[in-house]
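# Structural description and commentary
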Amino acid sequence: MNAPGRMPSNRPDAAARCDDLTREDCVALDAGDPLAAMRAAFMPAPEGWICLDANSLGACPTAAADRVQALMQQQWAGLRSQAWGLPEWLEGPQRLGAAFAPLLGARADEVVAADNTTTMLFKLLDYALRVAQARDSARRVVVYEADGFPTDCHVIQGMIRHADGRLQARTLPTSADPQAMDAALDAALGPDVAVVLLTHGDYRSGHRWAIPDVVRRVHAAGGLTLWDLSHTAGAVPIALDASRADFAVGCGYKYLCGGPGAPALAYIRKDLQDLDWPTLPGWLGHADPMAFACAYEPARGMASLIGGTMPVLQNAVMAAAAEVWSIVDPAAVFAKHRSLSSTLIRLLDERAARHGVELISPRDADRRAGHVAIRCPGGATTADALAAAGVIATLRRPDVLRLGISAPTIRHVDLWDAVSRLLDSLPH
Ligand SMILES: *Cc1c(COP(=O)(O)O)cnc(C)c1O
């Protein structure tokens, strides 16, 4: 690959206004970054690359490889089955849950790391439906976004297919306009609604629901909320407890940097735990697994969500990420994310809008998820050229580019350079 940073720019920023942001301004914004130590705790991107794909796969914690190697040599090979006696093996799911809980605005005993997002969404949706119907058996409707992430839609469609008419769906049309989304939600609520499953941040537009407000409205209508936090956890502030949110699932491998295949984070508000058996009772979610009783008795709290044996190696990778997160104040990460995403939008406005690049994500930072989505002339061709120039973004066909912003690893100057390369990648 050629060195993208030194490529001549075919599109100098003609007509730049004197109050436009400059590259030097971006460098100044990065000076004294309080998260510099966090940036150093991740493997650097390949030379010349700018990775704006944390919405797909977050960066690799530097310590992860040593950790996994030590675990394999000292514990797996060195202790064989005796390693099951190590607390970090069997208690990994709870320890990880507790470590990431502050990023979700949750208590340590309200989060557990297990399964993947899809499986956990299914387990929590099924549980939430049983909780809702125990209160009011007439509530049979699940509300979800018609244009939501496929897996969320598939989970619901599968449940309805197998529910023999006892469950119905009501879909919301997706829009990047927060007011239109709010109005659509209000129109969908009613006395038959059991659970509302929403992706906190839309995977395409980057629209972000206001959790406290939505929870208030759903609760007023007698329903429960289940949040998919895939595009917000680790990027923007989330206050599950303070919002009285009911259930949530976070994706472990995106902004949280838990590595490919990282377990999902499941959240159940304390007072909603232990109201019924978990969806999938399994031996390690038993109150006393080592008694090997045939009769199931759920463990108390989030431990009941652990079905069978946990992915010990993957949990070690995620624990390396948790350690990096533990050295910083989440508020500092969210503040940096806000500064980065607002800077990116300003740069796109000032430098790319006149070349036909259109912002899709909300301008209101409080209603924006972890990424910034743009519509680009040239679609896939532009995306390919941008990738060849070392900017790793994700394309949603035909012409939407998503620029995922990882506050731990991205600098303001990276965004300036990424926009420069975008200008060079547009059709001429
Ligand atoms: C990435 C993503 C998932 C991932 O689901 P997995 O089961 O972990 O593959 C789920 N929901 C949304 C909205 C996502 O963006």
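Residues numbered from 1 in each chain as written. Predicted model: local features only at pLDDT ≥ 70, side-chain atom pairs only at ≥ 80, totals over all residues. Heavy atoms only, no water.

A few words now on the site of the ligand. In the vicinity of the ligand, the contacting residues are Asn116, Thr117, Thr118, Phe149, Thr151, Asp152, Thr199, Asp228, Ser230, His231, Tyr253 and Lys254. The separation between an oxygen atom of the ligand and a polar side-chain atom of Lys254 is 2.7 Å. When the ligand sits alone it has 390 Å² of accessible area, and the protein chains cover 87% of it. For the shell around the ligand, the secondary structure elements donating two or more residues are helix H6 (117-135) and helix H7 (150-162). (Near = heavy atom within 4 Å. Polar contact = N/O pair within 3.5 Å; in protein donor to acceptor, adjacent residues only side chain to side chain. Areas by Shrake-Rupley, 256 points an atom, 1.4 Å probe, with all protein chains shown as cover. Helix = DSSP H or I, 4+ residues; strand = E, 2+ residues; numbered from the N terminus.)

The biggest cluster of nonpolar side chains holds 80 residues, and the ones touching the most others in it are Phe100, Trp227 and Ile374. Each of two domains, domain 1 (14-61 + 329-425) and domain 2 (86-326), supplies a minimum of three residues to this core. The residues contacting Ile374, other than those within four sequence positions of it, are Leu348, Val357, Glu358, Leu359, Ile360, Asp399, Val400, Leu401, Leu403 and Leu422. Formed by 45 residues, the second largest nonpolar core is a distinct cluster that contains Tyr127, Val195, Leu226 and Met310. (Core = buried A, V, L, I, M, F, W, Y, C linked by side-chain atoms within 4.5 Å. Buried < 20%, exposed > 50% of the residue type's maximum accessible area, 1.4 Å probe, protein only. Domains from an automatic or database assignment. Contact = heavy atoms within 4.5 Å.)

What follows covers the domain arrangement of the protein chain. The domains assigned to the protein chain are domain 1 (14-61 + 329-425) and domain 2 (86-326). With centres defined by C-alpha atoms, the gap from domain 1 to domain 2 works out at 29 Å. Between domain 1 and domain 2, the residue contacts involve 30 residues of the former and 30 residues of the latter. Approximately 2500 Å² of surface area, both sides summed, lies buried where domain 1 meets domain 2, with 63% of it carried by carbon and sulfur atoms. At the surface where domain 1 touches domain 2, the tally comes to one salt bridge. Between Arg367 and Asp182 there is a salt bridge whose closest N-O contact spans 3.6 Å. Linking domain 1 with domain 2 are 16 residue pairs in polar contact (both at pLDDT 80 or more). Put simply, the parts of the chain that give the side of domain 1 that touches domain 2 at least two residues each are helix H12 (330-352), strand S10 (371-375) and strand S13 (400-404). Looking at which element gives the most residues to the side of domain 1 that touches domain 2, the answer is H12, with four residues. Across the side of domain 1 that touches domain 2, the residue classes break down as 17 nonpolar, eight polar and five charged. (Buried area = accessible area lost by both parts, 1.4 Å probe. Salt bridge = Lys/Arg side-chain N within 4 Å of Asp/Glu carboxyl O. Nonpolar A, V, L, I, M, F, W, Y, C, P; charged D, E, K, R; others polar.)

To continue, consider the pattern of salt bridges. The tally for this structure, following the rule as stated, stands at 27 salt bridges. With a shortest N-O distance of 2.8 Å, Asp33 and Lys336 are connected by a salt bridge. Of this pair, Asp33 sits in the loop between helix H1 (23-30) and helix H2 (36-40) while Lys336 sits in helix H12, and the two are 303 residues apart along the sequence. The residues Asp33 and Lys336 share a single accessibility class, namely buried. With a shortest N-O distance of 2.8 Å, Asp414 and Arg411 are connected by a salt bridge. For Asp414, a relative accessible area of 8% puts it in the buried group. Classification of Arg411 as partly exposed rests on a relative accessible area of 31%. Three or more residues joined by partner-sharing salt bridges are found here, namely Asp182, Asp186, Asp213, Arg216, Arg217 and Arg367.

Here we take up a nonpolar patch on the surface. A grouping of Met72, Trp76 and Leu313 is seen on the molecular surface, where their side chains present a nonpolar patch of about 270 Å² in accessible area. When you line up the elements, Trp76 lands in helix H3 (residues 64-79). (Patch = residues over 30% accessible without salt bridge, like charges linked within 9 Å, V, L, I, M, F, W, Y side chains within 5 Å.)

Attention now goes to the sheet that holds strand S12 (residues 394-396). Taken in spatial order, the four strands of this open sheet run S9-S10-S13-S12, and their pairing is antiparallel. Edge positions in the sheet fall to strand S9 (358-359) and S12, since each has one partner strand and no second. Taken together, the two bridges between S9 and S10 define a ladder with antiparallel strand orientation. Residue Glu358 lies in a different strand from S10, and its bridge partner there is Arg375. Along the sheet, H12 makes contact with S9, S10 and S13, crossing S10 at roughly 15°. (Pairing = 2+ DSSP bridges. Axes fitted to C-alpha atoms, helices over the stretch in contact; angles between N-to-C directions.)

Further remarks concern the side chain of Asp53. With respect to the secondary-structure elements, Asp53 resides in the loop between strand S1 (50-51) and H3. Summary of buried charges: Asp53 has no salt-bridge partner, and the nearest side chain of opposite charge, Arg402, is 9.6 Å away. Apart from residues no more than four positions distant in its own chain, Asp53 is found in contact with Ile392 and Gly404. (Lys, Arg positive; Asp, Glu negative; His and termini not counted.)

Okay, the environment of Ala101 next. Relative to the helices and strands, Ala101 resides in helix H5 (residues 92-104). Ala101 gets classed as buried once you look at its relative accessible area, which sits at 1%. Sequence spacing of Ala101 and Ser406 is 305 residues, and the spatial spacing of their C-alpha atoms is 19 Å. Setting aside residues no more than four positions away along its own chain, Ala101 makes contact with Ala106, Arg107, Ala108 and Val111.

Before going further, it helps to examine unusual backbone geometry. The residue after Arg397, namely Pro398, is reached through a cis peptide bond having omega 5°. For Pro398, the position within the fold is in the loop between S12 and S13. The phi dihedral of Asp115 falls on the positive side, at around 55°, and the residue is not glycine. Inspection of the secondary structure puts Asp115 in the loop between strand S2 (111-114) and H6. For Asp115, a relative accessible area of 32% translates into the label partly exposed. Positive phi is not limited to glycine here, since Asp274 has a value of about 65°.

This part covers the packing of aromatic side chains. Here the structure, examined in full by the defined rule, presents five aromatic pairs. Here the aromatic rings of Trp84 and Trp89 are separated by 5.0 Å at their centres, their planes lie at 90°, and the arrangement is edge-to-face. Its end group placed over the ring of Phe149, Lys254 keeps NZ or CZ at 5.5 Å from the ring centre. It is Arg351 that lies over the ring of Trp416; its NZ or CZ is 3.6 Å from the centre. (Phe/Tyr/Trp six-rings, centres within 6.5 Å; stacked < 30°, edge-to-face > 60°. Lys NZ or Arg CZ within 6 Å of the ring centre and 35° of its normal.)

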